[in-house]
Amino acid sequence: METTVTSGPIAETLSVRVISREDAAAVAELSAQLGYEATAEEVQERICHLLSNTEQVALVACVGVEVVGWVEASVVRRLQSPAHALIGGLVVKNGMRGLGVGKRLCAEVEAWSRGKGLAVVRVTSRNTREAAHRFYLREGYRQTKVSAVFEKVLS
């Protein structure tokens, strides 16, 4: 799945492709911009797992050979609701935001989701990420609920 952006400020130089193991260092660096620290080795292991699962997709946006953004999504199947796609992460490099990169990555996930027969794409976003909320609203997503997240660390 390699495509080129056809509109937006960097349309002629931006391409989107499936993530590869070689993208691990760049993806780790971008993940840190979201506040999720991981080594390139940890990310490479995660990429390998994602690539082996047909119900997950991870894409990178590149300007030339430089990775400037990534998105990861998966099919979610629950007893209480129809299957849907969930964007688990989306990040665009500082300095590249507002240029159409995120819009293109979302469009690719939406196309992938349609190809899987899914009618809904969901995304969660921390309540402090107001710019991200505005982005998703501009892209046609609507806020459907507010929740709290609980976790238990298993030792």
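Rules and cut-offs
- Throughout, residues of each chain are indexed from 1 in the direction in which the sequence is written.
- Where local features are concerned, this predicted model is filtered to residues with pLDDT of at least 70; where side-chain atom pairs are given and counted, the filter is 80 or more; whole-chain, interface and lining totals use all residues.
- The basis for every side-chain value is the complete set of heavy atoms in the structure, and neither hydrogens nor water enter the calculation.
- The way it works is that DSSP assigns letters per residue, a run of H or I at least four long becomes a helix, a run of E at least two long becomes a strand, and they are numbered from the N terminus.
- Our radius of gyration is a C-alpha quantity, and the globule rule it is checked against amounts to 2.2 Å times the number of residues to the power 0.38.
- Relative accessibility under 20% of the residue-type maximum defines a buried residue, over 50% an exposed one, and the middle range a partly exposed one, all with a 1.4 Å probe and only protein chains included.
- Throughout, a contact is declared for two residues whenever any of their heavy atoms are within 4.5 Å.
- Method for areas: the Shrake-Rupley scheme with a 1.4 Å probe, in which residue coverage is limited to the protein chains shown.
- Counting rule applied: Lys, Arg positive; Asp, Glu negative; His and chain ends not counted.
- Charge placement uses NZ in Lys and CZ in Arg. For Asp and Glu, CG and CD serve respectively.
- Paired strands are those between which DSSP finds at least two bridges.
- Crossovers are marked right-handed if the path from the first strand over the helix to the second runs clockwise, as seen with the strands pointing away from the viewer.
- Whenever two N or O atoms come within 3.5 Å, that pair is a polar contact, provided that in protein one can donate a hydrogen and the other can accept it, and provided that, for residues adjacent in sequence, both atoms are side-chain atoms.

A.B. asks: Is there a simple way to think about the overall build of the protein in this case?
C.D. replies: Each helix and strand in the protein was counted, giving four helices and six strands. Going residue by residue from the N terminus, the α and β elements of the protein occur as β-β-α-α-β-β-β-α-β-α. Against the globule reference of 15 Å for 155 residues, the protein gives a C-alpha radius of gyration of 15 Å, in line with a compact fold. With the C-alpha coordinates of the protein rotated into their principal frame, the extents come out at 45 × 40 × 30 Å. Within the protein, buried positions represent 36% of all 155 residues. Long-range contacts, defined as pairs at least 24 residues apart, comprise 56% of the intrachain contacts of the protein with a sequence gap of at least 6. Counting every atom, the protein has about 10000 Å² of accessible surface; 52% of that belongs to carbon and sulfur. Averaging the locations of the 19 positively and 17 negatively charged side chains of the protein gives two centres separated by 9 Å.

A.B. asks: I keep staring at the pairing of strand β5 (residues 81–92) and nothing clicks. Help me out?
C.D. replies: Side chains on a regular strand alternate between the two faces of the sheet. One ladder, built from nine bridges, connects strand β4 (residues 66–78) with β5; its direction is antiparallel. The residue of β5 that forms the bridge with Glu-72 is Gly-89. Once β4 ends, the chain turns through two residues before running back antiparallel as β5. Of the pairings in the sheet, the one linking β5 to strand β6 (residues 121–123) comprises three bridges and is parallel in character. The residue of β6 that forms the bridge with Ala-85 is Val-121. The β-α-β motif built from β5, the intervening helix α3 (residues 101–115) and the parallel element β6 has right-handed crossover chirality.

A.B. asks: Before we go on, may I ask you to explain the side chain of Gln-56 in this structure?
C.D. replies: Looking at where Gln-56 falls in the secondary structure, it is placed in strand β3 (residues 56–63). Separated by 3.2 Å, the side chains of Gln-56 and Asn-53 make a polar contact. Sequence-distant contacts of Gln-56, defined by excluding residues within four places in its chain, comprise His-49, Leu-50, Glu-72, Ala-73, Ser-74 and Trp-112.

Purely geometric numbers; function is a separate question.
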